[in-house]
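Here's the letter readout for the chains.
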Amino acid sequence: MAEEKESTSIPLSQAENGGVDPEDPAKASPSSPNSSTRKACCFVLQSWVSKKFMTGCVVLFPVAVTFFITWWFIQFVDGFFSPLYERLGIDIFGLGFITSLLFVFFVGVFVSSWMGAAVFSVGEWVIKRMPFVRHLYSASKQISSAISPDQNTTAFKEVAIIRHPRVGEYAFGFITSTVTLQRENEDEELCSVFVPTNHLYIGDIFLVNSKDIIRPNLSIREGIEIIVSGGMTMPQVISPQERFVRQKERIPLSRMM
């Protein structure tokens, strides 16, 4: 019994401090005002560093992606003609890339002629007879025709805004063609509007009255960028073409000069 009392006895120094060992940080007294200020400063510094780090990531991410894709594209295009130069004993980086660009340019010049158009139409006819390749070719041709500088019948005509799917909601689309709907009283002019849903080449076609279509002052490329980016490149203000033309006409001649 005497041994148990001795083992449970508390030193006098700890008894005076309420049974708390000053050297034990887990049993120490509550933090002083200086430690609270230090913790607050550390928290503010940590949040500031984290915020600036995330800002750096946000700024560098598109730069890194753009650099990576550009570098990959240069190496990919350079790989078409660089093996030919390596066999000739010429090792100059970028020479194959420049040759590929010149090759694409001369292909454009050749296809613009009647002979090149005939050769291209024969090759296109062969591709469209292939079971699986024809679907990929048709989808990719639709996209390339939309941004083509040549205004042909397969390209998008204008960017359109229509009321869809409910009243008060609008959707971006592209006018592809016009059709006349014959009625008993009068004919009605309808526009075929292609509204992309998931991808640029997958969507719905709506026949909308030409009077109900809002034609914004946006080019085809700007409309494609808005759809591909998920609306992140949307301008803050969109004006119809008629209003934009009227605003330009109201500008005095002295201000334009």
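Nothing here was measured: the structure is a model prediction, and the numbers come from that model.

Conventions adopted
- Per chain, residues are indexed from 1 in the order of the written sequence.
- Whole-chain, interface and lining totals are the exception, using all residues; otherwise, since this is a predicted model, local features are given only for residues with pLDDT of at least 70 and side-chain atom pairs are given and counted only at 80 or more.
- Excluded from the side-chain calculation are hydrogens and water; included are all heavy atoms of the structure.
- Classification of ring pairs uses Phe, Tyr and Trp, with its six-membered ring standing for Trp, and accepts pairs whose centres are within 6.5 Å; under 30 degrees between planes counts as stacked, over 60 as edge-to-face, and the remaining range as tilted.
- Helix and strand definitions here come from DSSP, where helices need a minimum of 4 consecutive H or I residues and strands a minimum of 2 consecutive E residues; each element is numbered from the N-terminal end.
- UniProt positions are given in the numbering used here, feature names are shortened, and annotations may be inferred rather than shown by experiment.
- Accessible area is worked out with a 1.4 Å probe on protein chains only. A residue is then buried under 20% of its type maximum, exposed over 50%, and partly exposed in between.
- Note on contacts: a residue pair is in contact if any heavy atoms of the two residues lie within 4.5 Å.
- Axes here mean lines fitted to C-alpha atoms, for a helix over just the part in contact, with angles spanning 0 to 180 degrees between N-to-C directions.
- Every angle not falling under 35 degrees, over 145, or within 65 to 115 is termed oblique; those three ranges are roughly parallel, roughly antiparallel and roughly perpendicular.
- Here the nonpolar group is Ala, Val, Leu, Ile, Met, Phe, Trp, Tyr, Cys and Pro; Asp, Glu, Lys and Arg are the charged ones; every other residue, Gly included, is treated as polar.
- Known as pLDDT, the predictor's confidence for each residue is given on a scale from 0 to 100.
- When a carboxyl oxygen of Asp or Glu is within 4 Å of a side-chain nitrogen of Lys or Arg, the pair counts as a salt bridge.

Caption draft 1: Highlighting the packing of aromatic side chains. Applying the stated criterion to the full structure yields 6 aromatic pairs. Measuring from centroid to centroid gives 5.3 Å for Trp-72 and Phe-76, while their planes differ by 15°, and the two rings are stacked. Of this pair, Trp-72 and Phe-76 are both found in helix 3 (residues 33–87), 4 residues apart, which corresponds to roughly one turn of the helix.

Caption draft 2: Focus on the UniProt feature "transmembrane region" (unreviewed entry) in the protein chain. Cross-referencing UniProt, the feature "transmembrane region" (unreviewed entry) maps to residues 53–74 and 94–127 in the present numbering. Here residues 53–74 runs as 100% helix and 0% strand, with 31 Å between its end C-alpha atoms. Annotated as residues 94–127, this span is 94% helix and 0% strand, and its ends, taken at the C-alpha atoms, are 32 Å apart.

Caption draft 3: Expanded view of the side chain of Ser-210. Within the secondary structure, Ser-210 sits in the loop between strand 4 (203–209) and helix 7 (220–228). Classification of Ser-210 by relative accessible area gives buried; the value is 16%. Residues within four places of Ser-210 in sequence aside, it is in contact with Glu-189, Cys-191 and Arg-215.

Caption draft 4: Quick peek at the packing of helix 4 (residues 95–112) against helix 5 (residues 114–127). Packing of helix 4 against helix 5 leaves a shortest axis separation of 4 Å and a crossing angle of 95°. On the basis of the axis angle, helix 4 is roughly perpendicular to helix 5. Contact residues: helix 4 offers Phe-110, Val-111 and Ser-112, while helix 5 offers Trp-114, Met-115, Gly-116, Ala-117 and Val-119. Partitioned by chemical class, the residues of the contact of helix 4 with helix 5 number 6 nonpolar, 2 polar and no charged.

Caption draft 5: View of the environment of Cys-191. Within the secondary structure layout, Cys-191 lies in strand 3 (residues 188–196). C-alpha separation for the pair Cys-191 and Lys-211, spaced 20 residues apart in sequence, amounts to 9.5 Å. Those residues in contact with Cys-191, other than ones at most four positions away along the chain, are Ile-175, Ser-177, Thr-178, Phe-206, Leu-207, Val-208, Ser-210, Ile-213 and Arg-215.

Caption draft 6: Up close: the confidence of the model for the protein chain. Chain-level pLDDT for the protein chain is 75 on average; 74% of the residues reach the 70-or-more range. Of all the helices and strands in the protein chain, helix 9 (residues 253–256) carries the lowest mean pLDDT, 42, while strand 1 (residues 158–163) carries the highest, 88. The low-confidence segment residues 12–20, where pLDDT is below 50, has 7 contacts with residues more than four positions distant or belonging to other chains. Scored below 50 in pLDDT, residues 251–257 shows 1 contact in the model against residues more than four places distant or in partner chains.

Caption draft 7: How the structure looks around the pattern of salt bridges. Scanning the entire structure with this criterion turns up 3 salt bridges. Between Lys-128 and Glu-124 there is a salt bridge whose closest N-O contact spans 3.9 Å. Among the residues examined, Lys-128 registers a relative accessible area of 37% and is labelled partly exposed. For the salt bridge of Arg-183 with Glu-188, the shortest nitrogen-to-oxygen distance reads 2.9 Å. Looking at Arg-183, the relative accessible area reads 53%, which means it is exposed. Judged by its relative accessible area of 17%, Glu-188 is buried.

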